[in-house]
Amino acid sequence: DLIQTSKHFATGSGTNYSGMTIADVVQAQGDLRTYLVFALGTNDPGSVTDEAIDSLINLVGTNHKVVLMTSYALDNQIDYSVNNAAVRAAGERYSNVAVADWAEEVSKDPNAYINDTTYYVHPNAAGSQLFVKLVKQALDSLVDGTNGGVSTGNNTNYAGAQVWSDAEMQAIEANAAIYKEAADK
């Protein structure tokens, strides 16, 4: 079994597998879902880089929709600036990536969402609800094409190549409500 007991993006230890390792194994088994959420890097400050995210996107491919979550620590006890900059840049660089900006939202009123003074990162009940809301918003944006995703005006991958034919785009647009319903579940 692939188990991740703490949120490592690229480097795990022992039987605590990294998100990249888990994605690699699931991809090799042919079991990756269309929509993927990566809320990783909390235990890897400074190591979630553009290169690490590029490796992830190259691994899962541009046919998958990817949500990346930023990280935040109460009272800035942990510096996630490198991680968060890379996550936000990926949202700009890849048409199949949406960012759930946990750091931006929590920073507005951190004590309302985090009351963990041991590790400074674990959300309370209100924080957990916000976390889910941000993931849902990012998934919605991938479905409707407002941030990443695919719409008539955004049918290219990071290298500028066309992803789907015109006929495939018409079928995708015709079924947008079905995709949105699936993302809402």
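Rules used in this analysis
Residues numbered from 1 in each chain as written. Predicted model: local features only at pLDDT ≥ 70, side-chain atom pairs only at ≥ 80, totals over all residues. Heavy atoms only, no water. Salt bridge = Lys/Arg side-chain N within 4 Å of Asp/Glu carboxyl O. Helix = DSSP H or I, 4+ residues; strand = E, 2+ residues; numbered from the N terminus. Buried < 20%, exposed > 50% of the residue type's maximum accessible area, 1.4 Å probe, protein only. Pairing = 2+ DSSP bridges. Axes fitted to C-alpha atoms, helices over the stretch in contact; angles between N-to-C directions. Contact = heavy atoms within 4.5 Å.

**A look at the pattern of salt bridges**
Side chains carrying opposite charge are able to pair once their charged atoms draw close together.
Okay, step 1: Overall, the coordinates contain five salt bridges when judged by the stated rule.
Okay, step 2: Between Asp54 and Arg93 there is a salt bridge; the shortest N-O distance is 2.9 Å. Note that Asp54 is positioned in helix H2 (residues 50–60) and Arg93 in helix H3 (residues 81–93), a separation of 39 residues in sequence.
Okay, step 3: Assessed through its relative accessible area of 24%, Asp54 is described here as partly exposed.
Okay, step 4: Among the ionic pairs, Lys136 bridges to Asp140, the shortest N-O distance being 2.9 Å.

**Topic: the sheet that holds strand E1 (residues 35–38)**
Okay, step 1: The sheet built from three strands is open, its strands ordered E1-E2-E3 with parallel pairing. Edge positions in the sheet fall to E1 and strand E3 (97–100), since each has one partner strand and no second. Adjacent strand axes in the sheet meet at a mean angle of 20°, parallel and antiparallel pairs treated alike.
Okay, step 2: Here E1 runs beside strand E2 (residues 65–69); their pairing, made up of four bridges, is parallel. Within E2, the residue paired with Tyr35 across the bridge is Lys65.
Okay, step 3: Of the strands in this sheet, E1, E2 and E3 are in contact with H2, which crosses E2 at around 155°.
Okay, step 4: Contacting E1, E2 and E3, helix H6 (residues 125–144) crosses the sheet at an angle of about 155° to E3.

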